[in-house]
Amino acid sequence: MALQTPSLDVGAGLAPVPASAASRGYWQSVGRRLRRDPVTLICLAVLILIVLASLAAPWLGLADPYKTSMLRRLQPIGSPNHLLGTDELGRDMFSRLIYGGRLSLFMGVTPVICALLIGGLLGITAGFLGGRTNMAIMRVMDVFYAFPSVLLAISLSGAMGAGTENTLLSLTLVFIPPICRVSESVTTQVRGFDFVDAARASGAPTLTIVRVHVLGNVLGPILVYATSLISVAIILAAGLSFLGLGVKPPEPEWGLMLNTLRQAIYVNPVLAALPGVMIFITSICFNLMSDGLRAAMDVKA
C-alpha cells in the first residue's frame with residue numbers, strides 16, 4: 001500500500017484570503033458546512049467517545065488488563081464479570097480493548113503530528129523558495145516516496161528492531177514524504193496569488209509573507225490530508241504489531257491482540273475479531289471525517 005496524493009484535491013480550500021476578516025468568514029463557512037454534515041458529526045462523536053474512554057480507562061473501574069487466569073481462558077461474550085469475554089490468557093477483553101485504544105491511538109496520531117511538522121516545514125520551504133531548494137528537497141523525498149509505505153515501514157522497523165519508539169520513528173519517516181509533497185504543491189499554488197506578489201512589491205519581509213499570507217492558505221489542505229493519514233498510521237502500526245515488529249507483549253494494543261488471538265479464531269471467532277473491529281471503526285471514522293473536512297473546505301462546492 002503506497003501513500004498517493006492524487007486522492008486528495010490539494011487545491012480544495014485554497015482561496016485567496018489575505019485579510020483576517022475574510023479568513024474568519026471563510027472558517028465560519030467551513031464550520032457551518034461541517035454542522036450540516038451528519039456523517040462527519042457522527043464520526044467525530046464516535047472518535048471522541050473512543051478517545052475519552054481510552055484516556056479515562058484508569059478511572060472507569062475496569063478489570064486489570066494484565067491479570068491472567070488459565071481457568072477463564074476464552075470465555076465467550078456476555079460471561080459473568082466479563083462483558084466481552086476473555087482472551088487466550090484469561091484477561092478481560094473489554095478492559096484490554098479500552099486500554100489498547102490508548103496505545104493504538106497514540107501510535108496513529110503521534111507519527112502523523114511529527115511528520116506534519118517536519119514534512120510540512122520542508123514542503124512549504126520548497127514550494128515558497130522554489131528553484132534549487134525545491135529541487136534538492138523534493139528529490140530527496142522522491143527517494144523515500146519510491147517505496148510502498150508498508151514495505152518501507154516493515155523494512156525500517158525490522159532494521160531498528162521491535163518496540164514502541166522504533167515503530168513511531170519508522171512511521172514518521174514513512175509519512176514525511178507524502179505530507180511534504182502535498183505541502184509543496186499547495187504552497188506553489190499560493191505563491192502565485194496576486195496578494196503574495198503585492199506583499200513582495202510592498203517590501204514585506206519573507207518571513208512575514210509566509211506567516212501572514214501563505215500559512216493561512218496552505219495549513220487547511222495540509223491538515224486535511226494529515227487527518228486522512230491517521231487511519232493509515234493506525235493500520236500500519238497494528239500491522240507491525242501483528243508481525244511482531246511493533247508493540248511488545250503484554251501491552252494491550254489492537255494489532256498485537258489480533259496476533260495473540262489468531263489461534264482462538266477456531267474456538268471463538270467473534271472474540272478474536274474484536275480488535276479488528278475496533279481498528280476498522282476507528283480508521284473508517286478518521287477517513288470519513290477527513291472527507292467531510294475536505295468537502296467543507298472546498299470553496300468551489
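These notes cover the structure that comes with them. (Residues numbered from 1 in each chain as written. Predicted model: local features only at pLDDT ≥ 70, side-chain atom pairs only at ≥ 80, totals over all residues. Heavy atoms only, no water.)

Attention now moves to the nonpolar core. Soluble globular proteins tend to pack their nonpolar side chains together in the buried interior. M93 and F175 are the most contacted members of the largest nonpolar core, which totals 65 residues. Of all the elements, helix α8 (residues 206–242) adds the most residues to this core, at 16 residues. Excluding residues that lie within four positions of it along the chain, M93 makes contacts with L84, G85, T86, D87, M257, L261, L271, L274 and P275. The next biggest cluster of nonpolar side chains, apart from the first, holds five residues, and it includes V30, L34, V224 and A296. (Core = buried A, V, L, I, M, F, W, Y, C linked by side-chain atoms within 4.5 Å. Buried < 20%, exposed > 50% of the residue type's maximum accessible area, 1.4 Å probe, protein only. Helix = DSSP H or I, 4+ residues; strand = E, 2+ residues; numbered from the N terminus. Contact = heavy atoms within 4.5 Å.)

Mapped onto the elements of the fold, H82 is located in the loop between α2 (38–55) and α3 (93–129). Contacts of H82, omitting those with residues within four sequence positions, involve R72, Q75, P76 and D92.

Further remarks concern helix α7 (residues 194–201). Because an α-helix packs 3.6 residues into every turn, residues spaced three or four apart end up facing the same way. Those residues of α7 that fall on the buried side of the exposure criterion are F195, V196 and A199. Each buried residue of α7 lies within a common arc of 105 degrees when the element is viewed along its axis, so the set occupies one face. Facing away from the buried side of α7 by over 90 degrees, the exposed positions are D194 and A201. Those residues of α7 that are buried lie in contact with α6 (164–191) and α8. G203, located one to two residues past α7, shows a positive phi value of around 90 degrees. (Arc of directions from axis to C-beta.)

Angle between the axes and distance between the axes: these two values describe a pair of packed helices. Viewed as axis vectors pointing N to C, α2 and helix α10 (residues 269–297) meet at an angle of 135 degrees, and their least axial separation amounts to 9 Å. Comparing the axis directions of α2 and α10 gives the class oblique. Here the hand of the crossing between α2 and α10 comes out left-handed. Counting all contacts with α2, which are made through V39, T40, C43, L44, V46, L47 and I50, the residues of α10 involved are M278, I281, T282, C285, F286, L288, M289 and G292. Residue composition of the contact of α2 with α10, grouped by class: 12 nonpolar, three polar and no charged. (Axes fitted to C-alpha atoms, helices over the stretch in contact; angles between N-to-C directions. Parallel < 35°, antiparallel > 145°, perpendicular 65-115°, else oblique. Left-handed = near helix turned anticlockwise from the far one by under 90°. Nonpolar A, V, L, I, M, F, W, Y, C, P; charged D, E, K, R; others polar.)

Interpretation note: all reported values are geometric properties and have no functional meaning in isolation.
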